[in-house]
Amino acid sequence: MTDTLGSSYKDMANAIRALSMDAVQQAKSGHPGMPMGMADVATVLWARHLKFDPAAPAWADRDRFILSAGHGSMLLYSLLHLTGFEDMTIEQIKNFRQLGSITAGHPEFGHTPGVEATTGPLGQGISMAVGMALAERMLNAKYGEDLVDHRTWVIASDGDLQEGVSHEAISLAGHLKLNRLCVFWDDNEISIDGPTHVSESTDVVKRFDAAGWETLRVDGHDHEAIDAAIEKARLSDKPVMIACRTTIGYGAPTKAGTAGSHGAPLGEEEIAGAREALGWPHAPFEIPDEIYQAWRATGSPEVHDAWRDRLASTDRADELVAQLSGEPDETALTALREWRMKVAAEKPKLASRAASGKTLEAILPSWPGLVGGSADLTGSNLTKTSHGGVVSAEDYAGPYIHFGVREHGMAAAANGMALHGGLRPYVATFLVFADYCRGSMRLSSLMEQPVVYVLTHDSIGLGEDGPTHQPVETLASLRAIPNMQVFRPCDALETAEAWEMALVRTDGPSVLALSRQGLPVLREDDGAVNLSKQGAYILRDCDGEPDAVIVATGSEVLLGVEAAEALGEQGRKVRVVSAPCLDVFAAQDEAYKAEVLPQGVPVIGVEAALQFGWDSLLGRSVRFVGMTGFGASAPAGDLYKHFEITTDAVIAAVNAELA
C-alpha cells in the first residue's frame, strides 16, 4: 500500500520504528518494543482513518487517539512529530525522558499537545476511552451529527487487558453499545516476565465477544488487512476490538519477539542490525524529506474547516461553545446562589447525602453538561434527580448513568468524559470504596480534571454495616493526593457550598464526603456568602481571645458547638471552627490562618476518622478526638459512645489541654 506521494506505508512505519529505538537508546531507558511492533497498525490508522488537525490539537470534533499502552510513548511522540504537531520537534524526540522536555516517559495530558490522556498505569487508557466514547454519544444526542461526529481509537497492550479496571470498562462499553469506540489489541504474546502464557491463558477475543463487542483478528503487519478491519469496524453497531498479532521489537535481529525488546534500550549493535533488516540506512533521528512529506499529507484540516463552517452557520454555536468551555454561566451561578440562600432560610435537618441530592435537583436544569451516576448505589448516594432520563444503548440523551458495581471503571470513565470536554461528570459510591477508585482518582488530580466524587456513608455514623464499610482511614488517604480537594460538610448549607466550589473549580477533582445520618443546619447567616470558600471559618466565636479552638468537620461540628456551649458555662472561652475542606484551608495565606487559629491558642480537632494529616494541614500540633483504629457493627449512636467521640469527650479534651 502506498500513499499519494509514492512513499510506501512500510517506510512511514519504519520512520516510527527508527525514531523510537533511537530515542530510547539516547535516553538510556524506555520501551522500544511496542512502538516497533505496532508501527504498522498506527501508520494505517493515522494515515487513512484518524480525523485530526495538527494545527488544532484541541479541535472539538477530532477523533480521540488513546495510547493505553503508555509505556510505548515513543509511538505517539513519533506520530505527533511526523504528522507535524508544531511543538513536537525533532529536538523534543532527542530529549525523550529528559527534564523539561514534552516527551515524558509516559504520555501526560496537558504537558504535550496531542496527548489526549495521561496513560501508563495499565488499564486506565482503555477505561478513559470508554468515557470519551460515551461523552461523544451523549453530546451527539444533544447537538446532532453535524456538530458532534467522531470516534475514539485505542491501542491497548496485554497488560491493559489484564488489569481489572479494563474488565469493568469493557463490560460497560458493550452494554451501552458504544460503536464509535475501536480498540487495537497489541497481541504480541510478550510481557516483562516473558511469554504471556506464564501468567495468562484467557481467550481475550471471547472475553470481548461475551461483553457485547464485535471482534476481528488481523496480522498486525499487513497494511491491507489492517485497513480492511478498520473499514469493517466503522460499520459496526457495537464497540470493536481488533486483535492485532504483532511481533514486539519488529525488525530487531535477536530481540524481536522477546521480552528483551520490551523495557530497555536495544543497544547499538541490535539497532544497527534492525536498520539493516528494515532497510533503513539513515542516521539516528534522520528522516528523509519524502517520508516527512508523506506523513505531513495526512490529517484532516479540510474536514476541520467544514466543521467550522457548519458551526458558524448553526444557531446553536454559542450554546455548544459555552458548554465545551466548562465554565459556568451566570444562570448556573445564580441557581447555586439562590439554592444556598434557600437552604439558609429554611434550615432543613438532612443527612448531607440528602442535602447533596436536593442540591443536584435544584441546580441541574441550569447546568448544561452536568451528568453523573452511581456504582449501583443510586438510592443510597441520592445522585439521581427528576430531570431527564437515564443513558442507555437506545438513548444517550439522559443526564444519568447507571454504572453498575464498577467503581474503578466508573471513575476512569468520568476522567474520560471530563477530558473529552462538554460534560461535567459526577460519580458516586460509598466513601470506603474510594479505594476501588484510587488509581483513577489519582489521575484526575494529575490531569487536573474537575471530576466530582460524591462519596457517602462517610464515617462510623453509617452504623450497622460495620468496619468493612466504615472509612476511618479514607479521608486522610484522599487528602494526601496532591490537587484533590476533600470536602466534608457539616450541614445542608455547607453541602450546597461544597457543590458550588466543586463545580466552579476547573483545575482538579473534588470529593464530597457525605453523611448517612441527619445533620441540623448550624449556620445563622443568610447564605449570601459562601463561607466554605476558604476551607475553614469561624462558626461560633467567644468574647475576646479564645482559650481554645475546636476545629471539626462534618457530623462532628455539632459536637464542637455543643461542647463550646457547655464550656462557656464553665467560664471557658472556646471558638468553634468548621473546616469543610482542610486542603483549601491549608492553602490560605498565613494572615487568614492566624485569624482563625490564633498562635499560641490550643487546638482540639474532632473528626470520626484517624488523625493522620491533621497536624500538617492545620500547621500545628492538635489534640484529637476521633478514631484510632477500625470501627464496629452497631447503631451509630452506640458507636460514637463506644469510641468516645461525644460532646463530653470534646469537653474533656479541651479541659485537659487547658489544665
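Residues numbered from 1 in each chain as written. Predicted model: local features only at pLDDT ≥ 70, side-chain atom pairs only at ≥ 80, totals over all residues. Heavy atoms only, no water.

Trainee: For this particular structure, what's the right way to read the layout of surface pockets?
Mentor: Empty pockets left among the atoms are what a rolling probe the size of a water molecule brings to light. Each pocket or cavity is described by its volume, and for the largest pocket that value is around 740 Å³. Lining of the largest pocket is provided by 38 residues; of these, Leu324, Ser325, Ala418, Gly421 and Gly422 occupy positions nearest its centre. Of all the secondary structure elements, the ones that give two or more residues to the lining of the largest pocket are helix H13 (317–325) and helix H17 (407–420). Considering every element that reaches the lining of the largest pocket, the biggest residue donor is H13, with 5 residues. (1 Å grid on protein atoms, 1.4 Å probe; cavity = no way out; pocket = protein on both sides within 12 Å on 5 of 7 lines; lining within 4 Å. Points joined across faces, edges and corners; volume = space filled by probe spheres on them. Helix = DSSP H or I, 4+ residues; strand = E, 2+ residues; numbered from the N terminus.)

Trainee: Would you mind going over the sheet that holds strand S13 (residues 485–487) with me for this structure?
Mentor: Backbone hydrogen bonds hold the strands of a sheet together, and the pairing may be parallel or antiparallel. One open sheet accounts for 6 strands, arranged S10-S9-S11-S12-S14-S13; its pairing is parallel. Across the chains shown, the open sheet's two edge strands, defined by having one partner strand only, are strand S10 (400–402) and S13. Taken over all neighbouring pairs, the strand axes of this sheet differ in orientation by 20 degrees on average, direction set aside. Of the pairings in the sheet, the one linking strand S11 (residues 424–430) to strand S12 (residues 452–456) comprises 5 bridges and is parallel in character. Note on S12: the bridge partner recorded for Tyr426 is Val452. On top of the sheet, helix H15 (residues 352–363) reaches strand S9 (370–374), S11, S12 and strand S14 (510–514); it is set at about 130 degrees to S14, its chief contact. (Pairing = 2+ DSSP bridges. Axes fitted to C-alpha atoms, helices over the stretch in contact; angles between N-to-C directions. Contact = heavy atoms within 4.5 Å.)

Trainee: For this particular structure, what's the right way to read the pattern of salt bridges?
Mentor: Any two side chains of opposite charge can pair, so long as their charged atoms come close to each other. This structure, assessed with the given rule, holds 29 salt bridges. For Arg180, the salt bridge is made with Asp149, and the minimal N-O distance between the two is 2.5 Å. Note that Arg180 is positioned in the loop between helix H7 (164–176) and strand S3 (181–187) and Asp149 in the loop between helix H5 (124–143) and strand S2 (152–156), a separation of 31 residues in sequence. Look at Asp149 and you get partly exposed, because its relative accessible area is 28%. The partner of Glu524 in a salt bridge is Arg540, with the nearest N and O atoms 3.7 Å apart. One end of the pair, Glu524, is in the loop between strand S15 (518–519) and strand S16 (537–540); the other, Arg540, is in strand S16, with 16 residues separating them in the sequence. Residues joined in a network through salt bridges with shared partners are Glu136, Arg137, Glu145, Asp149 and Arg180. (Salt bridge = Lys/Arg side-chain N within 4 Å of Asp/Glu carboxyl O. Buried < 20%, exposed > 50% of the residue type's maximum accessible area, 1.4 Å probe, protein only.)

Trainee: Please clarify how the packing of aromatic side chains should be interpreted in this entry.
Mentor: For any pair of aromatic rings, geometry is given as the distance between the ring centres together with the angle between the planes. One pass over the structure, following the stated rule, counts 12 aromatic pairs. A centroid spacing of 6.1 Å and a plane angle of 20 degrees characterise the contact between Trp153 and Phe184, whose relative ring orientation is stacked. Here Trp153 is found in strand S2, whereas its partner Phe184 is found in strand S3, with 31 residues between them in sequence. Phe184 shares its class with Trp153; the two are buried. One aromatic cluster in this structure is built from Trp46, Phe52, Phe65 and Phe85. (Phe/Tyr/Trp six-rings, centres within 6.5 Å; stacked < 30°, edge-to-face > 60°.)

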